[in-house]
Every structure is written in structure tokens, then in C-alpha cells.
Amino acid sequence: MPAILTAAIESVSLRSVGCPNRPSQIGIYASNSYDMNVLLLGSGGREHALAWKIRQSALCGALYIAPGNAGTAQCGTNVDLDPLDFSALGRFCLEQSVRMMVVGPEEPLVRGIVDFFAADAALQQIAVIGPSARGAQLEGSKAFAKAFMQRHGIPTADYREFDLSNYSAGVEYLKTHALPVVLKADGLAAGKGVVIAQSHLEAIAELELMLPYAKFGEASRKVVVEEYLDGIELSLFVVTDGNDYLILPEAKDYKRIGEGDTGLNTGGMGAVSPVPFADAAFLEKVRTRIVEPTIQGIRQEGIEYRGFLFIGLTKVGDDPYVIEYNCRMGDPETEVVILRLQNDLLALLQDLAAGRLAASQVHTDPRAAATVVLVSGGYPGPYEKGMEVDGLDILREDDVLVFHAGTQEQEQKILTSGGRVLAVSAYGEDIPGAVRRSLRIIDFIGFDGMYFRRDIGHEFL
Ligand code: AMP
Ligand code: GLY
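Computed from a predicted structure; not experimentally measured.

Quick notes on the rules
Residues numbered from 1 in each chain as written. Chains lettered and ligands numbered in written order. Predicted model: local features only at pLDDT ≥ 70, side-chain atom pairs only at ≥ 80, totals over all residues. Heavy atoms only, no water. Helix = DSSP H or I, 4+ residues; strand = E, 2+ residues; numbered from the N terminus. Buried < 20%, exposed > 50% of the residue type's maximum accessible area, 1.4 Å probe, protein only. Contact = heavy atoms within 4.5 Å. Near = heavy atom within 4 Å. Polar contact = N/O pair within 3.5 Å; in protein donor to acceptor, adjacent residues only side chain to side chain. Areas by Shrake-Rupley, 256 points an atom, 1.4 Å probe, with all protein chains shown as cover. Pairing = 2+ DSSP bridges. Axes fitted to C-alpha atoms, helices over the stretch in contact; angles between N-to-C directions. Salt bridge = Lys/Arg side-chain N within 4 Å of Asp/Glu carboxyl O. Patch = residues over 30% accessible without salt bridge, like charges linked within 9 Å, V, L, I, M, F, W, Y side chains within 5 Å. Lys, Arg positive; Asp, Glu negative; His and termini not counted. Charge placed at Lys NZ, Arg CZ, Asp CG, Glu CD.

Colleague: Would you explain the environment of A51 in this entry?
Modeller: Within the element layout of this structure, A51 appears in helix α2 (residues 45-55). Here A51 falls in the buried class, since its relative accessible area comes to 0%. In this structure, the C-alpha to C-alpha distance between A51 and I65, residues 14 residues apart in sequence, is 7.8 Å. Contacts of A51, omitting those with residues within four sequence positions, involve L40, L63, I65, T72 and C75.

Colleague: Looking at this structure, I do not really get the site of ligand 1. What am I missing?
Modeller: Near ligand 1 lie 14 residues; those nearest to it are E226, E227, L229, E233 and E324. One of the side-chain nitrogen or oxygen atoms of K255 is found 3.2 Å away from an oxygen atom of ligand 1. Side-chain polar atom of E324 to an oxygen atom of ligand 1: 2.6 Å apart, as the coordinates give it. Residue assignment for the shell around ligand 1 shows that the elements contributing at least two residues are β7 (181-185), β8 (194-197), β9 (222-227) and β17 (319-326).

Colleague: Help me out: how do you make sense of helix α7 (residues 142-151) in this one?
Modeller: Helical geometry note: an α-helix holds 3.6 residues per turn, so side chains three or four residues apart project in the same direction. Along α7, the positions that sit buried rather than exposed are K142, A143, A145, K146, F148 and M149. Positive backbone phi, at 65°, marks G153, one or two positions downstream of α7.

Colleague: Before we go on, may I ask you to explain the site of ligand 2 in this structure?
Modeller: The environment of ligand 2 is made up of D253, G267, F310, R328, G330, D331, P332 and E333. For ligand 2, a nitrogen atom lies 2.8 Å from a polar atom in the side chain of D253. One of the side-chain nitrogen or oxygen atoms of R328 is found 2.9 Å away from an oxygen atom of ligand 2. A total of 200 Å² of accessible area belongs to ligand 2 in isolation, and the protein chains cover 88% of it.

Colleague: What should I look at first to understand the sheet that holds strand β19 (residues 400-404) in this one?
Modeller: Strands pair in a sheet through their backbones, by hydrogen bonds, and they do so in one of two ways: parallel or antiparallel. Read from one edge to the other, the open sheet built from 5 strands follows the order β12-β15-β18-β22-β19, with strand pairing classed as antiparallel. Looking along the sheet, the strands with just one partner apiece sit at the ends: β12 (252-253) and β19. For β12 and strand β15 (residues 270-273), the ladder comprises 2 bridges, and the chain directions are antiparallel. From the neighbouring strand, K252 faces β15, where its bridge partner is V272. Here α2 sits on the sheet and contacts β19 and β22 (420-428); the angle it forms with β19, its principal contact strand, is near 125°. Helix α13 (residues 431-442) contacts β15, β18 (368-375), β19 and β22 of the sheet and is inclined by roughly 135° relative to β22.

Colleague: I would appreciate a short explanation of the pattern of salt bridges in the present structure.
Modeller: Any two side chains of opposite charge can pair, so long as their charged atoms come close to each other. As enumerated under the stated definition, the model contains 25 salt bridges in all. Put simply, R328 and E139 hold a salt bridge, and the shortest N to O gap is 3.2 Å. Of this pair, R328 sits in the loop between β17 and α11 (334-340) while E139 is found in helix α6 (residues 133-140), placing the two residues 189 residues apart along the sequence. We note that R328, like E139, is buried. Linking K215 and E206 is a salt bridge whose minimum nitrogen-to-oxygen distance equals 2.7 Å. With a relative accessible area of 40%, K215 lands in the partly exposed category.

Colleague: What should I look at first to understand a negative patch on the surface in this one?
Modeller: A surface patch of like charges, here negative, comprises E384, E388, D390, D393 and D448. If you trace the backbone, E388 turns up in the loop between β18 and β19.

Colleague: Would you mind going over the sheet that holds strand β6 (residues 159-163) with me for this structure?
Modeller: Pairing is antiparallel in the open sheet, where 4 strands are placed in the order β6-β9-β7-β8. In this open sheet, the two edge strands, each paired with only one partner strand, are β6 and β8. When the angles between neighbouring strand axes are averaged without regard to direction, this sheet yields 20°. Two strands pair when backbone bridges link them, and β6 and β9 are joined in this way by 5 bridges, in the antiparallel orientation. Pairing of Y159 across the sheet is with E226, part of β9. Each of β6, β7 and β9 is contacted by helix α8 (residues 167-175), which is oriented at about 145° to β6, the strand it contacts most. In the packing of helix α9 (residues 200-210) onto the sheet, contacts are made with β7, β8 and β9, and the angle to β7 comes to roughly 5°.

By themselves, these are just geometric observations and shouldn't be taken as functional.
Structure below.
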């Protein structure tokens with residue numbers, strides 16, 4: 001162990017992120033119900049971070065995670081249920097007196113889990129955190145999202161929509177489009193549905209793959225072609241009950257596999273919060289030009305939306321544009337946003353479910369947070385699973401949290417079970433400090449083939 005680390009590390013032995021039981025704030029949530037049983041859906045780093053935060057809530061009774069990972073198992077009880085098996089989830093909720101279900105990933109939402117629960121007299125009693133299927137179309141259909149933004153005057157890239165019926169018009173359109181040009185499969189394509197074409201030939205070939213060759217199946221039955229926005233990206237998170245909203249701390253994620261933002265796209269290799277270029281004046285523009293009209297649009301169109309809304313933004317010059325909406329929290333952004341959120345998360349979600357967000361406020365930790373994702377060798381291409389993860393039970397600092405993503409416990413060993421394995425998150429005085437802390441802890445962790453980026457937050461160092 002490097003000497004510099006020994007001094008800094010506390011003598012607490014933990015296998016992963018601790019999940020403290022109750023904070024000291026009991027009493028300020030007097031109007032809320034206690035011992036609320038909660039079911040959280042999902043199995044990534046996002047869900048471990050949410051489980052960690054929910055476990056600390058003064059309101060939390062039993063916490064179940066379906067299906068969870070080795071990290072969530074330390075915050076509650078993992079249950080072997082498929083987040084897409086709505087009937088089984090409904091039965092489980094009734095059997096275990098679950099009062100709130102928090103939906104981590106987008107797919108159950110896009111497939112209508114909220115509508116399924118709302119249509120059943122018994123399941124209606126359960127507060128489901130997430131939008132209706134119609135609301136989830138903001139992520140589930142790029143064409144729906146673009147048309148929504150157009151209807152409500154929300155700044156975004158100009159676009160056209162093509163399918164097989166106007167395929168040749170699409171080819172003609174691409175022949176003279178400014179370069180680069182962006183092609184997006186309309187539906188969910190596991191993060192692979194966006195192509196930034198550098199030449200007309202590449203763009204036309206991609207349109208051919210997506211439409212006549214149905215590269216993404218049903219998801220590319222329609223294609224959105226849009227103008228390339230040359231800017232710098234950030235992620236904004238909003239909680240909304242469809243009427244009122246609160247803005248959570250913003251974050252920036254790092255999608256490319258290689259240092260210096262090079263190489264293939266991944267699910268996300270790290271994130272930081274706050275985002276220094278998102279100053280108060282810029283965030284105010286985001287609020288007035290984007291968040292307000294989005295929530296107003298949701299309200300005007302009568303869309304049921306009680307959940308998280310993730311707005312992917314790009315800053316072009318001094319102005320914000322929407323790149324995409326997601327109907328859930330981001331991963332790995334949640335692993336930094338949740339660190340900076342000082343609120344009792346269940347109290348906030350209970351206010352959201354009860355439509356009393358207007359009376360709530362977000363409290364943000366002034367410290368910075370960073371997360372560095374440890375991935376399996378070969379990711380985002382093919383990689384091996386089942387590698388033993390070492391170093392998780394060594395001593396740690398209490399301002400560093402190791403969130404599990406693709407892990408699984410077997411015979412008291414933690415094994416890798418996915419591309420993204422762990423998200424090592426830390427607080428710091430500033431972003432460089434937070435990144436340094438994460439990297440120091442990573443020195444202790446190892447598994448065969450482990451890879452990570454040392455330059456998360458590089459533009460702010
Ligand atoms: P998505 O799958 O929608 O998250 O898009 C993946 C990535 O493609 C985004 O995070 C952006 O980096 C990039 N992207 C999407 N749309 C545009 C655009 N209109 N201009 C520039 N980059 C874009
Ligand atoms: N980090 C981007 C996402 O969750 O989609």
C-alpha cells in the first residue's frame with residue numbers, strides 16, 4: 001500500500017458503500033409516513049447510488065431492489081425479478097406492502113409500467129416514480145421528442161424525420177446536408193442509435209442500414225436526421241410531478257472509452273458535478289428557455305409525468321440547446337448527483353408523488369463530486385465476466401463511495417458481471433480534488449483486465 005494512502009485512510013472496514021440506517025433529521029418529515037417499504041428497479045451503478053441514498057432516508061422501511069447487484073444487496077434485499085415483468089412486480093409489491101416503486105432504467109417506463117400500475121385498483125395505491133408511457137416517449141421516440149420541442153419552442157437542432165415511405169427523399173436530403181450530420185434511430189437502441197456522419201457517403205450508407213436494412217429493428221423504423229451542434233455537453237436533472245419541478249445538481253459525463261475523449265462511445269466512463277462552465281447566468285437560461293417550457297408542455301398536453309427528467313444539453317456559444325431527453329436519471333451522473341443532494345430522497349419523492357413539490361426545495365452540498373468508472377477489459381466491445389474483484393474490503397476514506405454496477409456476489413466473493421463494474425465516487429473541495437480522491441482509492445482495487453480513465457474532469461483540472 002503506498003505510504004501516502006495509509007495515512008489518509010480510516011480504520012473502518014467495509015465491503016462496499018456503507019448504508020447507514022437513519023440520519024439524524026427525523027422529525028423534520030413529520031408530515032410524511034415512516035417505515036415505507038420501497039422497491040427500486042434496476043441493477044447498475046445508478047441503482048446502487050439510489051439505494052444508498054434511499055437507505056439513509058428517515059422514511060425508509062424495507063428496501064427491495066429488483067434485480068440489483070452485489071452493492072445494492074448491502075443497502076437492502078435484492079429480489080430476483082425482471083423489471084419488465086410487470087405482473088410479477090405488482091404481486092411482489094402487494095405481498096410485501098411496498099408503498100413506493102422507484103424505476104431506475106428507461107425500458108420499463110417506455111413499456112408502460114406506470115400505466116400498468118395505474119390501471120389496477122390495488123396497484124394504484126403504490127406511488128410509482130417515473131412517467132407514464134406517453135411521458136417516457138420523450139426518451140423512447142426521438143421523433144416524438146423533436147416534435148414536442150418544436151411545438152413548445154424549445155431550442156434544439158433542426159431536424160427532419162424519415163422512414164421507408166420517404167426513404168429516397170431522405171437520401172436526397174442527406175446529399176446536400178451540412179457536415180457533420182447526425183442520424184438517430186427513433187427508438188431505444190441501447191445507446192448505439194446515434195451516428196455522427198462525417199461525409200455524405202457515410203450518412204447515406206447509415207440511412208440505408210437503419211431503414212431498408214433495419215439495423216436496429218423496430219427502433220430504426222423511423223430515423224431523425226438533425227443538424228450537428230458544435231458545443232460542450234452537460235446533463236441536467238429535474239424532478240417533476242408534471243406541474244411543478246425542482247432542478248437537481250447538474251453533471252457532466254465522459255462517454256468515450258479513451259483518455260482525451262477518444263475512441264468508442266460507452267455507457268459512461270465517469271462524471272463530475274458541478275459543471276464549471278454552467279454558471280448562474282447559463283443555468284438561468286436553461287431554466288427559462290428549456291425547463292419551464294418543457295414542464296409547461298407536459299402540463300398542457302396532459303402527459304402524466306411524476307418522476308425524473310434528464311435533459312442532455314449542449315452549450316453553443318453562451319446558449320443552451322437540448323440534445324435529448326431521458327425519462328430517468330443518468331448513469332454515471334447519478335453517482336455524483338446523489339452525493340451532492342442533501343435532501344432526504346424519499347421525502348422528496350414522496351412530495352413528488354403527492355404533487356406537493358412546490359413546497360419542497362433542493363439542498364446541495366457545496367463540495368464537488370467525481371466518479372471514475374472501472375470497466376472490464378475489452379469494453380465496450382466483447383469482454384469476459386466472472387473476474388474476482390479485489391480490494392473492496394480494505395480500509396477506505398469516508399468521503400469516497402464505491403458504487404457497484406456490473407458485480408455479483410458468489411460464495412462471498414465479488415465477481416464482475418458486466419462491462420461497467422464499479423463507479424468510484426468521491427467528494428472534494430473542487431473537481432480536481434474529487435477526481436484525485438477517486439483515483440487514490442482505485443489504486444487499491446483490481447480485477448483482471450480492469451480499465452479506467454485517469455482524465456475524468458480533464459477540462460477542469
Ligand atoms: P444519445 O444517444 O441521444 O445520448 O446521443 C449520443 C451522443 O451523440 C450525445 O451525447 C451527443 O454527444 C451526440 N449528439 C447527439 N445529437 C447531437 C447533435 N445534434 N449534435 C452534436 N452531437 C450530438
Ligand atoms: N450518462 C448518460 C445516460 O445515462 O444516458
